[in-house]
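# Coordinates in review
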Amino acid sequence: MKTLLKNAFVVTVNETFACYPDGAVLVDGPRISYVGPAAQAPHHADIVVRDMRGAVIMPGMVNTHTHGGLCLHRGACDEGDLFEWAAALAPTTSNIPPQGLKDGCTLAILEMVRGGITTACDCARHGTALFSEVASKIGMRSLSGAMANSPALRKAGVPNWPAMIGETEEAMAARDGDGLSSFYLGAHSPYNCTPDLLVDVKRAANERGLPFVIHAAENFKETEMVLERYGRRPIQHLAHLDILDSSTVLAHCVQVDDADMESIASSGATVAHNPVSNGKLASGIAPVTEMRRRCIPVGLGTDSNISNNALNLFQEMKVAVLLQRLAAQNGYAMSARDAIVMATREGAAALGMGDVTGSLEAGKRADLVALDLYHPLGLTEERVISDIVFAAGPQHVRMVMIDGRTVFEDGRFTRVDEAAIREEWNMRYGAQSAGSTI
Ligand SMILES: [Zn+2]
């Protein structure tokens, strides 16, 4: 089926950041086949025309780092730095039963989709299949996997290596051909994994042609710990083990120096920047402007809703800009356009999905968001870009299309019954309130 979305302000986020005030997007099955001025859009009898009533259409956003399985425990710990916080949470997060992990994934995906996120990179410990299973059902694109831990270094919970290889392969077989799910193999961090484990997981990922995801250089205590154990800073430790290459995604990269950034840039590795989580856990401000100047692809991530506590990329865009300006005391350090690019096209590239999603261009999958923005002086390119980063939020999301399918519209999910899901949770966990936080 071909659908022409018209009467819309289209923000393509292509290489030239083209915007079309009277724009149109032609969706042909799962793909985009035309983006441009409405006046030049193809018109045929078999094309269904959909009047977007002046909505702003932008690419679906890409959450480059999250942990859906933990989301049932939002608000479980809101203080302490990374290590203090993780220690306080370990009794809770290390032993979540499969149903709790699945419910966490569902909660996360509902929140992300209604907030205009169409792709997410999820990091599990056990239950690799859960996130993609739920995402696929709701209609969201995912890159899922588990992060291996070394039991000698991270004592809480059941070891997940090498069991997660089988889990991942099963998930890949189950979701094969759904058009939405892809997978990686990951390791938790340089401090929670032995060098041997890091090498083993990276090798297993390479053998299967899968990306590799790891937390790296998140906190200054990590730097001290890794330096003391291995004589190198975290990024240099990973470089030394031959872990850095163009299929490696590094979550955080807050504590990186010039040599670290040089190693990342020359390797082709990419970065998932989590500004709100980094702030909440007092990790520091990642040198994003400097990393991007070196052509390191940097996407935006929410991290889990225990370290955030919202899965809201509008918020991440705004905070990312504010932090770079504050750190540099320079009001030009990062622009709203930069933030939108990171939340969409660059985020997709960081996950190795740059050919699939992240911008509105003919040939890419139709992952897009329609926003109801209103400006008393009218929508211009500058106002729309400014509003998306500095003023908008999930409350402005009217419609979300992923892979050519409308999965959320006017407050309702089209493929799942959200009220029934909540009723099930109320029965299972005893919640009584009728309000909505997500
Ligand atoms: Zn994480």
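Residues numbered from 1 in each chain as written. Predicted model: local features only at pLDDT ≥ 70, side-chain atom pairs only at ≥ 80, totals over all residues. Heavy atoms only, no water.

### Let's talk about the sheet that holds strand β8 (residues 181-187)
Inclusion rule: At least two DSSP bridges between two strands are needed for those strands to be called paired. Comment: elements are numbered from the N terminus, with helices defined as DSSP H or I runs of at least four residues and strands as E runs of at least two. The axes are straight lines fitted to the C-alpha atoms, using for helices just the contacting stretch, and the angles between their N-to-C directions are given from 0 to 180°. Should any heavy atoms of two residues lie within 4.5 Å, those residues are counted as being in contact.
The strand order across the open sheet formed by eight strands is β5-β6-β7-β8-β9-β10-β11-β12, and the pairing between neighbours is parallel. In this open sheet, the two strands that pair with only one neighbour each are β5 (61-66) and β12 (298-300). The average undirected angle you get between the axes of adjacent strands in this sheet is 25 degrees. Of the pairings in the sheet, the one linking strand β9 (residues 212-216) to strand β10 (residues 248-252) comprises five bridges and is parallel in character. Note on β10: the bridge partner recorded for F212 is T248. Sitting on the sheet, helix α3 (residues 128-138) is in contact with β6 (117-124), β7 (141-148) and β8, with an inclination near 170 degrees to β7. Lying over the sheet, helix α12 (residues 336-343) contacts β5 and β12, oriented at roughly 85 degrees with respect to β12.

### Side note on the pairing of strand β2 (residues 19-28)
A regular strand carries its side chains on alternate faces of the sheet. By the bridge criterion, seven bridges tie strand β1 (residues 2-11) to β2 in an arrangement that is antiparallel. Looking at the pairing, V10 lines up with Y20 of β2. Between β2 and strand β3 (residues 31-37), which pair antiparallel one after the other, the connecting turn spans two residues, and G29 there sits at a positive phi close to 65 degrees.

### Some thoughts on the side chain of R114
Quick reminder of the rule: Relative accessibility under 20% of the residue-type maximum defines a buried residue, over 50% an exposed one, and the middle range a partly exposed one, all with a 1.4 Å probe and only protein chains included. Throughout this description, a polar contact denotes any pair of N or O atoms lying within 3.5 Å of each other; where both atoms belong to protein, one of them has to be capable of donating a hydrogen while the other can accept it, and for residues adjacent in sequence the pair is counted only when both atoms sit in side chains.
Checked against the element boundaries, R114 lands in helix α2 (residues 98-114). For R114, a relative accessible area of 14% puts it in the buried group. A polar atom in the side chain of R114 sits 2.8 Å from the side chain of E418.

### Quick word on the packing of aromatic side chains
Stated precisely, the cut-off is as follows: The pairing test for Phe, Tyr and Trp rings, Trp by its six-membered ring, is centres within 6.5 Å, and the orientation test on the planes gives stacked under 30 degrees, edge-to-face over 60, and tilted for anything in between. Over a ring means this: the NZ of a Lys or the CZ of an Arg is within 6 Å of the ring centre and within 35 degrees of the ring normal.
Tallying each qualifying case throughout the model produces two aromatic pairs. Sitting over the ring of F17, R337 keeps its end group 5.0 Å from the ring centre.

### Remarks on the coordination of the zinc ion
Cut-off, in case you're wondering: For Na, K and Ca the donor cutoff is 3.2 Å, while for all other metals N, O and S atoms must lie within 2.8 Å; water is not among the atoms, so some sites may look incomplete.
Around the zinc ion, the protein supplies H65 (NE2), H67 (NE2) and H215 (NE2) as donor atoms, at distances of 2.0 to 2.1 Å. All donors of the zinc ion come from a single chain, and their spacing in sequence reads H-x1-H-x147-H. In this pair, H67 is assigned in the loop between β5 and α1 (82-93) and H215 in strand β9, connecting sequence segments 148 residues apart. Neither residue differs from the other here; H67 and H215 are each classed as buried.

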